[in-house]
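The primary structure of each chain is shown beneath.
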Amino acid sequence: MTVDPQVIIVGSGPAGVSAAWPLVRAGVRVLMLDAATGPVAASPAAESAAAFRADPERWRYQFGGDLAGLAAGGDRSPKFATPLARSVGADYAEALGLQTRGFFAAGALARGGLSTLWGALAAEPPVSDLAEFPGGAAGMRPCFDAVRARIGVPEPTAAAITSEAARRVFARLQGRIAVEPAPNAVLDAPRDGRLACAHTGLCLWGCSRRAIYDAADELPLLRRFATFAYRPGHRVTRLYADGDRHGLEVEAGGARLTFRAGTVLLAAGTIATAALALPRLGLAGRPAPLLTNPAAATAFVVPGLIGAALPDQSFSLGQLFYRLPVEESGIPPWAAAGVLYGGDALPLELIASRLPLSRPVALRLARALAPALVMATCYLPGGFSRNRITVGEGSVSIEGETPPATRRRLRDAVRDLTRAIVPAALPLPGATSILEPGADAHYAGVLPMGGAGPFSSGDLGEIGKGLHVVDGAGLPSLSSTHPTLTIMANATRIGERVAGRVGGTA
Ligand SMILES: Cc1cc2nc3c(=O)[nH]c(=O)nc-3n(C[C@H](O)[C@H](O)[C@H](O)COP(=O)(O)OP(=O)(O)OC[C@H]3O[C@@H](n4cnc5c(N)ncnc54)[C@H](O)[C@@H]3O)c2cc1C
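Peer 1: Hey, could you run me through the side chain of Thr298 in this one?
Peer 2: Position of Thr298 relative to the elements: it lies in strand S11 (residues 295–301). Thr298 gets classed as buried once you look at its relative accessible area, which sits at 6%. A polar side-chain atom of Thr298 sits 2.7 Å from a polar atom in the side chain of Thr432. What Thr298 contacts, discounting residues up to four positions off in sequence, is Val374, Met375, Ala376, Val414, Ala431 and Thr432.

Peer 1: Any chance you could explain the environment of Gly343 here in plain terms?
Peer 2: The topology assignment puts Gly343 in the loop between strand S13 (334–342) and helix H11 (348–352). Those residues in contact with Gly343 that lie beyond four places of it in its chain are Ile351, Ala370, Leu373 and Met375.

Peer 1: Please explain the pattern of salt bridges as it appears in this structure.
Peer 2: Applying the stated criterion to the full structure yields 19 salt bridges. For the salt bridge of Arg167 with Glu164, the shortest nitrogen-to-oxygen distance reads 2.5 Å. With a gap of three residues between them, Arg167 and Glu164 both fall in helix H8 (residues 164–173), about one helical turn apart. A residue is classified by how much of its surface remains accessible, and Arg167, at 36% relative accessible area, is partly exposed. Salt bridges sharing common partners tie together Glu124, Arg141, Asp145 and Arg148.

Peer 1: Explain the sheet that holds strand S1 (residues 7–10) to me, please; I cannot follow it from the model alone.
Peer 2: Sheets are built from strands that pair by backbone hydrogen bonding, the pairs being arranged parallel or antiparallel. Read across the open sheet, the six strands follow the order S5-S2-S1-S9-S20-S19; overall the sheet is mixed. If you trace the sheet from one side to the other, it starts and ends with strand S5 (228–231) and strand S19 (462–464), each paired once. Sheet twist, expressed as the average angle between the axes of neighbouring strands with direction ignored, equals 20 degrees. Bridge analysis of S1 against strand S2 (residues 30–33) gives four bridges, and the strand direction is parallel. Paired with Ile8 across the two strands is Leu31, which belongs to S2. Here helix H10 (residues 270–280) sits on the sheet and contacts S1, strand S9 (263–266), S19 and strand S20 (467–469); the angle it forms with S9, its principal contact strand, is near 135 degrees.

Peer 1: Help me understand the packing of aromatic side chains, please; the structure alone is not making it clear to me.
Peer 2: The geometry of an aromatic ring pair comes down to the distance between the two centres and the angle between the two planes. Under the counting rule described, the total for this entry stands at four aromatic pairs. Aromatic pair Trp21 and Phe225: ring centres 5.8 Å apart, planes at 80 degrees, arrangement edge-to-face. On the criterion of sequence distance, the pair formed by Trp21 in helix H1 (residues 14–25) and Phe225 in the loop between helix H9 (219–222) and S5 is long-range, its members being 204 residues apart. By relative accessible area, which is 27% here, Phe225 ends up partly exposed. Ring geometry for Phe103 versus Tyr443: centroids 5.9 Å apart, planes at 40 degrees, classification tilted. Of the two residues, Phe103 is situated in the loop between strand S3 (98–101) and helix H7 (136–151) and Tyr443 in the loop between strand S18 (433–434) and S19; the sequence distance between them amounts to 340 residues. Residue Phe103 is classed as buried on the basis of its relative accessible area of 3%.

Peer 1: Got a minute to help me understand the site of the ligand in this structure?
Peer 2: Around the ligand sit 38 residues in total, of which Asp34, Ala110, Leu114, Gly119 and Thr484 are the nearest. Here a nitrogen atom of the ligand sits 3.0 Å away from a polar atom, N or O, in the main chain of Ala35. Contact between the ligand and Val236: a nitrogen atom at 2.9 Å from a main-chain N or O atom of the residue. Here the ligand loses 95% of its free accessible area of 1,000 Å² to cover by the protein chains.

Peer 1: For this particular structure, what's the right way to read the domain arrangement of the protein?
Peer 2: Put simply, an interface is often sized by how much accessible area is lost when its parts join up. As assigned here, the protein comprises domain 1 (1–41 + 84–153 + 213–291 + 386–400 + 443–506) and domain 2 (156–207 + 295–379 + 403–436). Each of domain 1 and domain 2 was reduced to a C-alpha centroid, and the two centroids are 30 Å apart. Facing the 25 residues of domain 1 at the interface are 21 residues of domain 2. Taken over both partners, the interface formed by domain 1 and domain 2 buries close to 1,800 Å², and the fraction arising from carbon and sulfur atoms is 57%. Per-residue buried area on domain 1 facing domain 2 is highest for Leu121, Ser480 and His482; these three make up 27% of the total on that side. Across the contact surface, domain 1 and domain 2 share zero salt bridges. Summed over the shared surface of domain 1 and domain 2, the number is ten residue pairs in polar contact (both at pLDDT 80 or more). Considering every element that reaches the side of domain 1 that touches domain 2, the biggest residue donor is H7, with three residues. Partitioned by chemical class, the residues of the side of domain 1 that touches domain 2 number 15 nonpolar, six polar and four charged.

Peer 1: I keep staring at the environment of Thr200 and nothing clicks. Help me out?
Peer 2: Tracing the sequence through the fold places Thr200 in the loop between strand S4 (178–181) and H9. Thr200 gets classed as buried once you look at its relative accessible area, which sits at 16%. For the pair Thr200 and Ser316, spaced 116 residues apart in sequence, the C-alpha to C-alpha distance is 8.9 Å.

Peer 1: Would you explain the packing of H8 against helix H13 (residues 404–421) in this entry?
Peer 2: A pair of packed helices is characterised by two quantities: the angle between their axes and the separation of those axes. Two numbers describe how H8 lies on H13: the axes approach to 8 Å, and their chain directions differ by 95 degrees. Taken as axis vectors, H8 and H13 run roughly perpendicular relative to one another. Touching Val169, Arg172 and Leu173 of H8 are Arg419, Ala420 and Ile421, all from H13.

Rules used throughout
Residues numbered from 1 in each chain as written. Predicted model: local features only at pLDDT ≥ 70, side-chain atom pairs only at ≥ 80, totals over all residues. Heavy atoms only, no water. Helix = DSSP H or I, 4+ residues; strand = E, 2+ residues; numbered from the N terminus. Buried < 20%, exposed > 50% of the residue type's maximum accessible area, 1.4 Å probe, protein only. Polar contact = N/O pair within 3.5 Å; in protein donor to acceptor, adjacent residues only side chain to side chain. Contact = heavy atoms within 4.5 Å. Salt bridge = Lys/Arg side-chain N within 4 Å of Asp/Glu carboxyl O. Pairing = 2+ DSSP bridges. Axes fitted to C-alpha atoms, helices over the stretch in contact; angles between N-to-C directions. Phe/Tyr/Trp six-rings, centres within 6.5 Å; stacked < 30°, edge-to-face > 60°. Near = heavy atom within 4 Å. Areas by Shrake-Rupley, 256 points an atom, 1.4 Å probe, with all protein chains shown as cover. Domains from an automatic or database assignment. Buried area = accessible area lost by both parts, 1.4 Å probe. Nonpolar A, V, L, I, M, F, W, Y, C, P; charged D, E, K, R; others polar. Parallel < 35°, antiparallel > 145°, perpendicular 65-115°, else oblique.

In structure tokens:
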């Protein structure tokens, strides 16, 4: 492609590639700039969970050669302890000049962004949670279908539940709460060079079969279009007006470059997009709201499975997805939502590190507990979060807080989930924790579409003529349902409309 793009997309994560597809299909000249630098950590390639457990070198994959992963636990997804997570997140805080107080900010300057390590739970939120979206749920519906068809989200069936403990919990929950086998963006049949899931249980460390959707896997497909160009190692540091076009200052391998285009789509991930957009709007130094899903984690044990054999085939992403509707006086009805995971695919070291026992005893107990364990997350809608992001000169600061009423709602939701699960499984004493704001890694709503006030964006996430926010930053609300499918559907919607405006010239 010539160096005269009609549209520049910043970022190659789920939002960036979703916006790109309708544009390149319409023949629009697209340049994707991505801060991604080196390769990400390699994924283990064992034939089965049992083979991986027997591999004397597995600790390198699990925790890194320096064992740094063992220290990276805390009340966060075990994914953050993996060498993969540490490799994709390495330069993020430094590049943004990021400072946080009471907030955990995950980010990835990587091909595919955070989808290199996401949990792949790809559920569509209830219609009521899309009411504030431009065009409402009806406007979004075809885009959800298009994204699912593109990335591969098989129809969830009970046969996909690999953990016996999760299977028993599913049997108990059916008819009591809204629960289904987890809708995961994980292939059950090969497509586009990716292989079907073989249930090796190694999902936490990255899938060597590429069965788990990762936006990076779409880049070679997009690059087949003559009108699409991808430049990794190009970090956008500033946006400016350049006549009737948009200018982008870019740092690339120590050099300072500039790019220009009439249309720019910001898909750098909510926090990095805010870092670029707020100064461009003259809003540097002004604290803006940043939505996250207040979250809790808990664990259950199925007594009859304690000491059972660990399975050969397993799966460490979500097994079940549930919703708990809540009626509360004074506010509209809302729902908590979350995922149930089997413990049989988790590293025993991670379970043992949470037991208040000596290491050899804790490891033996972890081995006995693993097949019986079911872990649960519980998310509340973003409206119950209270975080602020402030962008300064080369700096981003985020402050997070979980208000007492939000803590109470989280505890109540975990209590209701527990009541529904017992006696199929029993709560593990002391296992419930309320996560630090941001630990969910579901960031949204800094420049909400269709809102009013200085921080809002237009129906197409537009914050200036031809300058669009297409990632989570533009969401007008954050459902308790995991956000990425919604982010991708919305980016697709905006990409389609922008393609109509810009028109292809190929
Ligand atoms: C452990 C974990 C588990 C998760 N599980 C789930 C789940 O199960 N379901 C779900 O829905 N969501 C999940 N998420 C959230 C999900 O990963 C994000 O919502 C999603 O990746 C956001 O996509 P994005 O394209 O907006 O941004 P990102 O994925 O953050 O991608 C941003 C892109 O922009 C690039 N970039 C950043 N700054 C610049 C810059 N200045 N210049 C140029 N390029 C730049 C990056 O290199 C990257 O390519 C999870 C996240 C984590 C961390």
